[in-house]
Amino acid sequence: MAFNHKHLIDITEYSADDIMAILETAVKFKEVNERRIKQVPTLKGFTVVNMFNEPSTRTRSSFEMAEKRLSAASLNFGGSSTSSVKGESLVDTVETLCSYKIDMIVVRDKHAGVPHKIADVSGVSVIDAGDGKHQHPTQAMLDLYTMRKNFGHLDGLKVAIVGDLSHSRVCGSLVPALKTVGADVTLVGPPTFQVDDPDYFGVPQTADFDSVIPEMDVVYMLRVQLERMEGASIPSRREYNRLWGLDMARVNKMRPEAIICHPGPMNRGMEINADVADCARSRILTQVNAGVLTRMAEMYLLLGGENNGISA
Ligand code: CP
């Protein structure tokens, strides 16, 4: 399978073959992660800058872990400890980093479009680790890995994505990725959290969670993005949980083989109840683990894979 991308910024630029190339490569790296010595020299000599200008637990730690497992040199950088607080521009910051002859920038930023801007000015490979409300493509890849691992396929899977749709960059990448691989997606959320575009990737939207649950293979709960509300009217925690939260009563209406996903971090007791997050159907920690494998695969392929003389 030919893989010809330099950046992972916009998942809509990725074909089903591109997505499958990442998922298949991640399966190969699973073996590395199960060894006693969990490291291979695959990216020895490559340098990756992790520029996290917004908080992160899973994405940041799994990129750092993936880089260590592939023997890449990592530079962890960003946020309030940089000269951006003194007014240094993004372009000057990126040009400074690129003078070190780096190979890749992994960037998270609260502003949509920053990864594209960095790709334009840097000349190096760029991975979007979440930009504003726009996209979070590496989250989509680990989610697809998790679903495929569970069901053995993605084509025809029925997936409900539930909750704070309009503020969610996870939704912005997961919906097109699922559509590209042939899954059947339904969006569920309060009318005030639904996406504005009524023809959004041709995916139906509803506010009626209970009518959707019994049909689904995957119930994917989104975090309510309280930090991105910008004055929007928000139902109380209790009211939100009653209408759109996943509790055990709703779990008991799911198909016997259906699973639960959540990108994390969770608002336990709001979009998902604590006992549901920890129940046997939950794949939340499987998703986290898949983050290391899929991010290893993404960095390997974007830096040239076998075409660059490096093998998985
Ligand atoms: N899912 C996700 O992006 O989590 P973090 O914000 O902890 O990286």
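Parameters and conventions
Residues numbered from 1 in each chain as written. Predicted model: local features only at pLDDT ≥ 70, side-chain atom pairs only at ≥ 80, totals over all residues. Heavy atoms only, no water. Helix = DSSP H or I, 4+ residues; strand = E, 2+ residues; numbered from the N terminus. Rg over C-alpha atoms; globule rule 2.2 N^0.38 Å. Buried < 20%, exposed > 50% of the residue type's maximum accessible area, 1.4 Å probe, protein only. Contact = heavy atoms within 4.5 Å. Areas by Shrake-Rupley, 256 points an atom, 1.4 Å probe, with all protein chains shown as cover. Near = heavy atom within 4 Å. Polar contact = N/O pair within 3.5 Å; in protein donor to acceptor, adjacent residues only side chain to side chain. Salt bridge = Lys/Arg side-chain N within 4 Å of Asp/Glu carboxyl O. Pairing = 2+ DSSP bridges. Axes fitted to C-alpha atoms, helices over the stretch in contact; angles between N-to-C directions. Right-handed = clockwise from strand over helix to strand, strands pointing away. Parallel < 35°, antiparallel > 145°, perpendicular 65-115°, else oblique. Left-handed = near helix turned anticlockwise from the far one by under 90°. Nonpolar A, V, L, I, M, F, W, Y, C, P; charged D, E, K, R; others polar. Expected span 1.5 Å × (residues − 1). Core = buried A, V, L, I, M, F, W, Y, C linked by side-chain atoms within 4.5 Å.

(A) The arrangement of the overall build of the protein chain in detail. Of regular secondary structure, the protein chain possesses 11 helices and nine strands. Over its C-alpha trace the protein chain gives a radius of gyration of 19 Å, about what one expects of a compact globule, namely 20 Å for 312 residues. Taking the principal axes of its C-alpha atoms as reference, the protein chain extends roughly 55 × 45 × 35 Å. Burial status across the protein chain gives 54% buried among its 312 residues. Considering only contacts within the protein chain whose residues lie at least 6 apart along the sequence, 74% involve residues at least 24 apart. Carbon and sulfur atoms form 49% of the exposed surface of the protein chain, whose accessible area is close to 13200 Å².

(B) Representation of the site of the ligand in the model. Taken together, Ser-56, Thr-57, Arg-58, Thr-59, Arg-108, His-136, Gln-139, Pro-263 and Gly-264 make up the full set of residues adjacent to the ligand. Gly-264 places a main-chain nitrogen or oxygen 3.0 Å from a nitrogen atom of the ligand. If the ligand stood free it would expose 260 Å²; the protein chains cover 91% of that surface.

(C) Molecular detail of the pattern of salt bridges. Taken as a whole, this structure holds 10 salt bridges when the rule is applied. Here Asp-184 ties to Lys-158 by a salt bridge, and the two come within 3.0 Å at their closest N and O atoms. With a gap of 26 residues between them, Asp-184 in strand 6 (residues 184-188) and Lys-158 in strand 5 (residues 158-162) connect regions that are remote in the sequence. Classification of Asp-184 by relative accessible area gives partly exposed; the value is 35%.

(D) Seen up close, the sheet that holds strand 3 (residues 104-109). Pairing is parallel across the open sheet formed by four strands, whose spatial order is 2-1-3-4. Bordering the open sheet on either side are strand 2 (73-77) and strand 4 (125-131), each of which pairs with just one other strand. Averaged over all pairs of adjacent strands, the angle between strand axes in this sheet comes to 15°, irrespective of strand direction. With five bridges joining them, strand 1 (residues 47-52) and strand 3 adopt parallel strand pairing. Its bridge partner lying in strand 3, Val-48 is registered against Met-104. Set on the sheet, helix 2 (residues 58-69) makes contact with strand 1, strand 2, strand 3 and strand 4; between it and strand 1 the angle comes to about 170°. Where helix 3 (residues 90-98) meets the sheet, its contacts fall on strand 1, strand 2 and strand 3, and the angle it forms with strand 1 comes to roughly 155°.

(E) Focus on the pairing of strand 2. Relative to strand 2, strand 1 is paired through five bridges, and the arrangement is parallel. When the sheet's bridge partners are listed, Met-51 is paired in strand 2 with Phe-77. The parallel pair strand 1 and strand 2 is bridged by helix 2, and the resulting crossover is right-handed.

(F) Seen up close, the packing of helix 1 (residues 16-33) against helix 5 (residues 137-151). At a minimum axis distance of 10 Å, the contact between helix 1 and helix 5 shows a crossing angle of 70°. Between helix 1 and helix 5, the interaxial angle falls into the category roughly perpendicular. For helix 1 against helix 5, the interelement crossing comes out right-handed. Listed contacts from helix 5 to Ile-19, Met-20, Ile-22, Leu-23, Glu-24, Ala-26, Val-27 and Lys-30 of helix 1 are Met-141, Leu-144, Tyr-145, Arg-148 and Lys-149. Here the contact of helix 1 with helix 5 is built from residues that sort into nine nonpolar, no polar and four charged.

(G) Summary view of the environment of Met-51. Position of Met-51 among the secondary structure elements: in strand 1. Under the relative-accessibility criterion, Met-51 is labelled buried at 2%. Here the alpha-carbon distance between Met-51 and Val-195, two residues 144 residues apart in the chain, equals 29 Å. Not counting chain neighbours up to four residues away, the residues in contact with Met-51 comprise Phe-77, Thr-93, Val-94, Leu-97, Ile-105, Val-106, Val-107, Arg-108 and Ile-118.

(H) Layout of the side chain of Asn-241. Relative to the helices and strands, Asn-241 resides in helix 8 (residues 237-244). Excluding anything up to four places from it in sequence, Asn-241 contacts Arg-250, Gly-269, Met-270 and Asn-273.

(I) Highlighting helix 11 (residues 284-302). With 19 residues, helix 11 should cover 27 Å at 1.5 Å per step; its first-to-last C-alpha distance of 26 Å lies within 8% of that length. The buried count for helix 11 comes to 15 of 19 residues, which makes it a mostly enclosed element.

(J) Examining the nonpolar core more closely. Core analysis: the largest hydrophobic core is formed by 64 residues, its most contacted members being Leu-144, Ile-161, Leu-178, Leu-187 and Tyr-220. When residues in this core are grouped by element, the largest group, nine residues, is from helix 11. Not counting chain neighbours up to four residues away, the residues in contact with Leu-187 comprise Ile-161, Leu-165, Cys-171, Val-175, Val-195, Tyr-200, Val-203, Pro-204, Gln-205 and Thr-206. Ala-160, Phe-209, Cys-279 and Ile-284 belong to the second largest nonpolar core, which has 25 residues in total.

Geometric descriptors of this kind do not, in isolation, establish any biological role.
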